[in-house]
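Architecture at a glance
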Amino acid sequence: MANYSIWVLEYAYVPNYHVSGIIYGYHNQGYRKLPYCYVLIKGKHHAAMVDVGYNHKEFGGYLGDKFGVINWHSPSEVLKECSLRPEDIDTVFVTHAHFDHFGNVDDFPKAKFYIQEREIAKWVWAMSLPERTQWMMVAIDPGDVLRGVELAKNKRLVTVNGDLVNVLPGIDLHPAYDSHTFGSMWVEVRNDGKSTSQDTWVLAGDLIYVYENLSGSGDLVGVEKIYNPERERKISVPSKVAVKIRLAVVQKFTAWYHPKGTLKKPTIALMQEPDSDTYVSNSGLNPSCALRQIDFLPSHFLFLSLFPSFPA
Amino acid sequence: MTAFSEMLEPRWNLPTVMVGETIAGHDAGTFPPSDCSEALVQYCLTTLPAFNRLKRLLGQAGGILLLRELAISSDGVGGDLLRLAVDRFRDARDALLSRTVPPFAAAHAAKLKEALALIGSILQSLEDNVGRSEALLIQLRLARKCLIDASDNRFGMTLLDFRQGCCGHTSIKHIPT
């Protein structure tokens, strides 16, 4: 029996985004939809989110005009589809401090936010580096730093140093240092609540964009597979993760399941029905970054590549 | 109204800049969208490095305050972050104050100087380990407001650099066909 229902919630998207921004080396391969998503983890006693989206008031116009981001919906509108309000959210796991993941904290007035300590400390350090290294500062909004101070002052920002088990019952946090960002974090939901779970869900943030990042062909870059887990297999893997991971839920997500059947509303993918042993959807999914990021993925993800036959 | 230079002198050697000060005839630091004159382009392109320095300083000062709130030590992060921020502040101050500003850009330059003074004051408080977080946060917000007022997307003067972000690529909608 599942303890949580897990929803990927699309709150905006870019209709046509170049595939090379999604899969390493895929230049001149056309365009795909690039969704902007966060994840809701809804349980009997907790309502948690993975990331909170961006601050539309400040950047919506610019993102729309310059980069074609459309169909933005507020957390109120989006969560209403799941019968919740932003103030019902008690916990937020911030996968990383980019503006489109950490920029909308003001809309969640009662939530406690979890982020890796290294993510914060290293950004502060990076800001002090010389001009020529400022590419490292992309997608970081100084305004979010100030909002972080406000959260910390109100004891609503919790920094995590490495792994944290059972941050909520059955939910673990794991770092992926020096990957997408200095202190990226991913979330593991053991949805049967067992320590050796048979029902594990991985919420990967921006560490994986699409399944092709893991199982796609590497022809275009001269390797057999885009992600080669051989190196990872040599790494000792804790026995607890030696289970079937059903699905990595990827936030840059092209949802195929929409309960309302309308394109104008936020697109929602229900990943698992509460109190049920059947899951509803699989991700078709979108983007990823560079091969380097994949190289740095935690060894857990190799199990995804061992189960490549996801429902289409 | 307090002149920050009074608080900051002699350590920071700043000119007198009043918080909230505006120049007659201008109430914001921005330029008309229709203005693409050579002089404006020249001014903005030469001002961009100073703007970027201030933006980073804002993040540094806010970040140091955040680390302090969270009781996170900067040991092992990459050195004395406050010292690094003060060094960057000096660079920014010297670059900004040594410039000759054309009259049409006086309001814009005043916004940048106001941000500089505020950030200098915050760093000084952090260095002296005085000032409540709340008060420092207010100053940080004021400094941020100055930079927002002085932003101009056309010349890359934005608080958030989208150029290489995950979303930061021009979509097909904007590519000529």
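Definitions and cut-offs
- Residues numbered from 1 in each chain as written.
- Chains lettered and ligands numbered in written order.
- Predicted model: local features only at pLDDT ≥ 70, side-chain atom pairs only at ≥ 80, totals over all residues.
- Heavy atoms only, no water.
- pLDDT = per-residue confidence, 0-100.
- Contact = heavy atoms within 4.5 Å.
- Axes fitted to C-alpha atoms, helices over the stretch in contact; angles between N-to-C directions.
- Helix = DSSP H or I, 4+ residues; strand = E, 2+ residues; numbered from the N terminus.
- Parallel < 35°, antiparallel > 145°, perpendicular 65-115°, else oblique.
- Left-handed = near helix turned anticlockwise from the far one by under 90°.
- Nonpolar A, V, L, I, M, F, W, Y, C, P; charged D, E, K, R; others polar.
- Salt bridge = Lys/Arg side-chain N within 4 Å of Asp/Glu carboxyl O.
- Buried < 20%, exposed > 50% of the residue type's maximum accessible area, 1.4 Å probe, protein only.

This brings us to the confidence of the model for chain A. Taken residue by residue, chain A gives an average pLDDT of 71. The fraction at 70 or more is 69%. Scored below 50 in pLDDT, residues 230–312 of chain A shows 238 contacts in the model against residues more than four places distant or in partner chains.

A word on the packing of helix α3 (residues 81–97) of chain B against helix α4 (residues 106–128) of chain B. Residue and element names in this part refer to chain B. Remark: α3 packs on α4, axes separated minimally by 11 Å, with the N-to-C direction vectors making an angle of 155 degrees. Here α3 is positioned roughly antiparallel relative to α4, judged by the angle of their axes. Considering the relative orientation of α3 and α4, their crossing is left-handed. Within the contact between the two elements, α3 uses L82, R83, A85, V86, F89, A92, R93, L96 and L97 and α4 uses L112, K113, L116, I119, G120, L123, L126 and E127. Grouping the amino acids of the contact of α3 with α4 by side-chain chemistry returns 12 nonpolar, 1 polar and 4 charged.

For the rest of this paragraph, the subject is the packing of helix α5 (residues 142–153) of chain A against helix α5 (residues 133–149) of chain B. Two elements in contact, α5(A) and α5(B), have axes separated by 11 Å at closest approach and are oriented at 160 degrees. As the angle between them shows, α5(A) and α5(B) are arranged roughly antiparallel. Handedness of the α5(A)/α5(B) crossing: left-handed. For the pair formed by α5(A) and α5(B), the contact residues are G143(A), L146(A), R147(A), V149(A), E150(A) and K153(A) on the first element and S133(B), E134(B), L137(B), L140(B), R141(B) and R144(B) on the second.

The subject of this paragraph is the pattern of salt bridges. Here the structure, examined in full by the defined rule, presents 17 salt bridges over all chains. For the salt bridge of D88(A) with R85(A), the shortest nitrogen-to-oxygen distance reads 2.9 Å. Its salt-bridge partner being E134(B), residue K153(A) comes within 3.2 Å of it at the nearest N-O pair. On the criterion of chain membership, the pair formed by K153(A) in helix α5 and E134(B) in helix α5 is interchain, its members lying in two chains. Look at E134(B) and you get partly exposed, because its relative accessible area is 42%. When salt bridges that share partners are traced, they join E150(A), K153(A), R132(B), E134(B) and R141(B) into one network.

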